[in-house]
Amino acid sequence: MISRKNASISQFIIHKVGNKFNDTKNAFSEKTVDFDEASYELMLPFLLKPFGSVVQSYRFNHHSNISLNEINSYAAQLFNDEEAFVDISKHIVTHLYEQSNSSQIKTGDVLVVMFEGIEFQDITTNAVGIFKIESKVNFFQTYLEDNSYDVLVQKGISSRKVDKGCLILNQSDGEGNIILSVDNNSYDAQYWINHFLNIKYADDANNHTQQYIELCKEFSTEIIQTSYGAQEKNSFLAKTIDFFKENEVVNVERFKEELFEEDKHKQQFDDYKKEFEGAQNLIIRNQFDVAEAVVTKEKRKIKTDIKLDTNIQIKLDIDAPDASAEYLERGYDEEKKMHYYKVFFNAED
């Protein structure tokens, strides 16, 4: 995640990208935008705010040589030659256009931006921003005509969220330039992440933590809930989050020892882990450092509700992993021929 408190825009240009599949064309600007004060003060936080909560970072990828990654090459040119900004920004849009091989890919405005003063992990750097605005919203515009005000509807860019965007920092580690990406229209995520940017998650604690939590979430749904019900699924997820909160380092063998009482359940987890790694084309490390920010973010996403077909929901507290086993009892009523939950408590709020 970044801090934008000292950030500024040094160059900004808008182009329009078409869709190769539908034979709609690109439209290019020849000059950069000269902001007035009001539009600048609105634009800067609009572009950078989404990256304030981004935890995981990416690195450029290529099947043969990283220097052949198009956006990697264009970003390097932008960092090294500010005079080439307009021409390079056109190349970026053309590359984006070449990835539109489906009718689902939307046309839109492409903003290419040079930022100064981006703060990332106590380092201040400049960055290239690439943003695609796909969705326009209706708004009312009032105007004066013949001494009376009238109103008309116009379409414009919403200042609430960016559809797609990336920040390429002029800062690198052993894997290359640090890249942050957001995508609020994830139906075409392959087009933005894999085809246009061609990036992969960094090999760091954030990624390792994310992968393992995703594994546990999938295992809880496909194996635990299917075999033992929603209560056991939610209890497993609560204990998983608790394990990550209490340990700075995750060791897979220790994780299994603490979460599974029987060897057959440990084996189920091992077997599912292999399937998950094969399906996702990745290898999950047997020991890695925990990224607290990822745990906090993923915890918010986990749903611990038990939804019943009688229009009743039971919500479990993910911060109390033992409460479900101690105070919630599942059974079957022979007379009604229905399952039931019995909840124990001392007082109601």
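Structure: see above.
Read on for an overview of the structure.

The rules behind these values
- Residues numbered from 1 in each chain as written.
- Predicted model: local features only at pLDDT ≥ 70, side-chain atom pairs only at ≥ 80, totals over all residues.
- Heavy atoms only, no water.
- Helix = DSSP H or I, 4+ residues; strand = E, 2+ residues; numbered from the N terminus.
- Buried < 20%, exposed > 50% of the residue type's maximum accessible area, 1.4 Å probe, protein only.
- Contact = heavy atoms within 4.5 Å.
- Areas by Shrake-Rupley, 256 points an atom, 1.4 Å probe, with all protein chains shown as cover.
- Lys, Arg positive; Asp, Glu negative; His and termini not counted.
- Charge placed at Lys NZ, Arg CZ, Asp CG, Glu CD.
- Patch = residues over 30% accessible without salt bridge, like charges linked within 9 Å, V, L, I, M, F, W, Y side chains within 5 Å.
- Salt bridge = Lys/Arg side-chain N within 4 Å of Asp/Glu carboxyl O.
- Polar contact = N/O pair within 3.5 Å; in protein donor to acceptor, adjacent residues only side chain to side chain.
- Pairing = 2+ DSSP bridges.
- Axes fitted to C-alpha atoms, helices over the stretch in contact; angles between N-to-C directions.
- Parallel < 35°, antiparallel > 145°, perpendicular 65-115°, else oblique.
- Left-handed = near helix turned anticlockwise from the far one by under 90°.
- Nonpolar A, V, L, I, M, F, W, Y, C, P; charged D, E, K, R; others polar.

## Some remarks on the overall build of the protein chain
- Regarding its fold elements, the protein chain presents 10 helices and 16 strands.
- C-alpha atoms of the protein chain, sized along the principal axes, occupy 75 × 60 × 40 Å.
- Each of the 349 residues in the protein chain was classed as buried or not, and the buried ones make up 44%.
- Partitioning the intrachain contacts of the protein chain with sequence separation of at least 6 by distance along the chain shows that 65% fall at a separation of at least 24.
- Carbon and sulfur atoms make up 45% of the accessible area of the protein chain, which totals about 20,200 Å².
- Charge centroids of the protein chain, computed over 39 positive and 59 negative side chains, lie 3 Å from each other.

## Comments concerning the environment of Phe-85
- Looking at the element boundaries, Phe-85 is found in helix H3 (residues 85-98).
- According to the relative accessible area criterion, Phe-85 is buried, its value standing at 1%.
- The spatial distance from the C-alpha of Phe-85 to the C-alpha of Tyr-74 is 9.6 Å, given a sequence separation of 11 residues.
- What Phe-85 contacts, discounting residues up to four positions off in sequence, is Gln-11, Phe-12, Ile-13, Thr-32, Leu-78, Val-112, Val-113 and Met-114.

## Some remarks on unusual backbone geometry
- Positive phi, close to 55 degrees, is recorded for Asp-146, a residue that is not glycine.
- Residue Asp-146 is classed as exposed on the basis of its relative accessible area of 69%.
- Positive phi, close to 60 degrees, is recorded for Lys-337, a residue that is not glycine.
- You can call Lys-337 exposed: its relative accessible area is 54%.

## Quick look at a negative patch on the surface
- Where like charges cluster on the molecular surface, the negative patch consists of Asp-34, Asp-36, Glu-37 and Glu-41.
- Among the structural elements, Asp-34 can be located in the loop between strand S2 (8-17) and helix H1 (37-48).

## Considerations on a nonpolar patch on the surface
- Together, Phe-140, Val-151 and Val-153 make up a nonpolar patch on the protein surface, roughly 320 Å² of accessible area in all.
- Among the secondary structure elements, Phe-140 is positioned in strand S6 (residues 136-145).

## Things to note about the environment of Asn-80
- Note that Asn-80 resides in helix H2 (residues 70-80).
- The exposed category is assigned to Asn-80, whose relative accessible area is 68%.
- Along the primary structure Asn-80 and Leu-42 are separated by 38 residues, whereas in three dimensions their C-alpha atoms are 28 Å apart.
- Within the local environment of Asn-80, its side chain forms a polar contact with the backbone oxygen of Ala-76, the two atoms lying 2.9 Å apart.

## Quick notes on the pairing of strand S7 (residues 148-157)
- In this structure, S6 lies alongside S7, joined through 10 bridges in antiparallel fashion. Residue pairing across strands places Glu-145 opposite Ser-148, the latter belonging to S7.
- What sits between the antiparallel neighbours S6 and S7 is a turn of two residues, in which Asp-146 has the positive phi angle 55 degrees.

## Observations concerning the packing of helix H7 (residues 252-259) against helix H8 (residues 263-280)
- Contact geometry for H7 and H8: axes closest at 9 Å, N-to-C directions at 140 degrees. The orientation of H7 with respect to H8, classified from their angle, is oblique. When you trace H7 past H8, the crossing you get is right-handed. Of the residues in H8, those touching H7 at Phe-255, Lys-256 and Glu-257 are Lys-266, Phe-269 and Asp-270.

## Quick notes on the packing of helix H5 (residues 205-228) against helix H9 (residues 292-301)
- Their axes nearest at 9 Å, the elements H5 and H9 cross at an angle of 30 degrees. By the angle between their directions, the pair H5 and H9 is classed as roughly parallel. Along this stretch, H5 crosses H9, giving a crossing that reads as right-handed. Residues Asn-206, Thr-209, Gln-210, Ile-213, Glu-214 and Lys-217 of H5 form the contact with H9, whose own contacting residues are Val-294, Val-295 and Glu-298.
- Looking at the contact of H5 with H9 residue by residue, the class counts come to three nonpolar, three polar and three charged.

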